[in-house]
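Topology and contacts: notes
The lines below spell out each chain.
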Amino acid sequence: MTNMAEDLKAPDLTGGVPLRGGAISPEDRRHTTHRRSTRERKKRTTNVIIYGALVVLVLALMMPFIWMVSSSLKENNQVLTVPIQWIPSEFVWSNYTDIWTRIPMMGYLQNSLYLAVIITCLQVLTGSLAAYGFSKVRFPGRDVLFLCYIGTIAVPWQAYMVPQYIMMQQLGLTNSFNALILLQAFGAFGVFLMRQYYMTIPDELCEAARIDGLSEYGIWARVILPLSKPALASLALLTFVNTWNDYMGPFIYLTSNRLWTVQLGLRSFVGQFDAEYAMIMTGSVISVIPILFIFLLGQRYFIQGIATSGMKG
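Let me begin by describing the structure that accompanies this report. For clarity, every value in this text was computed on a predicted model and none was experimentally measured. (Residues numbered from 1 in each chain as written. Predicted model: local features only at pLDDT ≥ 70, side-chain atom pairs only at ≥ 80, totals over all residues. Heavy atoms only, no water.)

1. Describing the pattern of salt bridges
- For the structure on display, the rule yields six salt bridges.
- Residues R102 and E276 are paired through a salt bridge, measuring 2.6 Å at the closest nitrogen-oxygen approach. In this pair, R102 sits in helix α3 (residues 95-102) while E276 sits in the loop between α13 (262-265) and α14 (277-308), placing the two residues 174 residues apart along the sequence.
- When its relative accessible area of 44% is taken as the criterion, R102 is described as partly exposed.
- Among the salt bridges present, the one from D203 reaches K136, with a minimum N-O distance of 2.7 Å. (Salt bridge = Lys/Arg side-chain N within 4 Å of Asp/Glu carboxyl O. Helix = DSSP H or I, 4+ residues; strand = E, 2+ residues; numbered from the N terminus. Buried < 20%, exposed > 50% of the residue type's maximum accessible area, 1.4 Å probe, protein only.)

Below, the structure written as structure tokens:
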């Protein structure tokens, strides 16, 4: 009898007060439905505001790219008009055919691709190896050495630009790709990114592999690397984009026109008194296409790698 009385007095989870026999009054049901619909309307309104703000932010971030594409389809004297003419009055599609004959664009693209691929592969290799040592191998002074190495990120490149150039000049590596490859084959940021991801991998896997007789290189190659595809893709994409867009490095070390990258090649349209901005924008659009293609291929792994690289430190 006591349990039955308590059941009759217990409030209903939907918000109504039960009557005898467990029924809910029509008035309480209306109040519950009203509160539920109010919450749903507030939720929909919040979602609309959030998505509207995101759309505005995306459009703001895309404006420079949209202006670049629009300017590549204009005459040279129409690029810097005020106010900005977002849609050209006449589309000059010939810009995308003329640029290949005005400058050796294909050669510049090949040079940029060669440097970007080689440097990316080397940075992924050296970064993952160093990160394995700093995260899974125990040795005296490991953490102090890691902090000192990562501290070099804070040193601006301009501080050691001249000593680097003198070293490359004395080694006879100026005016060649070897100088850029040698200087950019190692990166503290890549080591930091990979180490943070490796720290999320349980140490028990490495201990089990050591018990099974694997060497440290075997553990790195057969256990760690297969589990690190998101971080490897993130590092590869960031390194590729950074190398592809690099201007100062090739500008300092590459003096021969046949070795120029696409970023240096676009300087051909800058004269002493004027610049062909339409052609510069056309070349910039062409140079963005490989980066866009690479990003679309590795987008899923890139987002996973960035999201999980800082989970444990």
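2. Here we look at a nonpolar patch on the surface
- On the surface, V58, M62, M63, F65, I66, I84, W86, I87, F91 and W93 cluster together to form a nonpolar patch covering roughly 1,000 Å² of accessible area.
- Considering the arrangement of structural elements, one finds I66 in helix α2 (residues 26-71).
- The partly exposed category is assigned to I66, whose relative accessible area is 39%. (Patch = residues over 30% accessible without salt bridge, like charges linked within 9 Å, V, L, I, M, F, W, Y side chains within 5 Å. Areas by Shrake-Rupley, 256 points an atom, 1.4 Å probe, with all protein chains shown as cover.)

3. A look at the side chain of S287
- You can see S287 is positioned in helix α14.
- Within polar-contact distance, the side chain of S287 engages the backbone oxygen of S284 at 2.7 Å.
- Those residues in contact with S287 that lie beyond four places of it in its chain are W244, V262 and Q263. (Polar contact = N/O pair within 3.5 Å; in protein donor to acceptor, adjacent residues only side chain to side chain. Contact = heavy atoms within 4.5 Å.)

4. Things to note about the packing of aromatic side chains
- If you walk through the whole model with that rule in mind, you get seven aromatic pairs.
- An angle of 35° between the planes, with centres 6.4 Å apart, marks the rings of Y108 and W260 as tilted. Here Y108, found in helix α4 (residues 105-136), pairs with W260, found in the loop between α12 (248-253) and α13; they are 152 residues apart in sequence, far enough to count as distant. Here Y108 and W260 have matching classes, each one buried.
- For the pair F240 and W244, a centre-to-centre distance of 5.9 Å together with 15° between the ring planes defines the contact as stacked. Linking F240 with W244, this pair stays in helix α11 (residues 229-244), spanning four residues, or about one helical turn. For the pair formed by F240 and W244, the shared burial category is buried.
- Its guanidinium or amino end placed over the ring of F146, R195 lies 4.2 Å from that ring's centre, counting from NZ or CZ.
- For the cation-ring pair, R267 lies above W260, with the distance from its terminal atom to the ring centre recorded as 5.9 Å. (Phe/Tyr/Trp six-rings, centres within 6.5 Å; stacked < 30°, edge-to-face > 60°. Lys NZ or Arg CZ within 6 Å of the ring centre and 35° of its normal.)

That is the geometry; function is a separate question.
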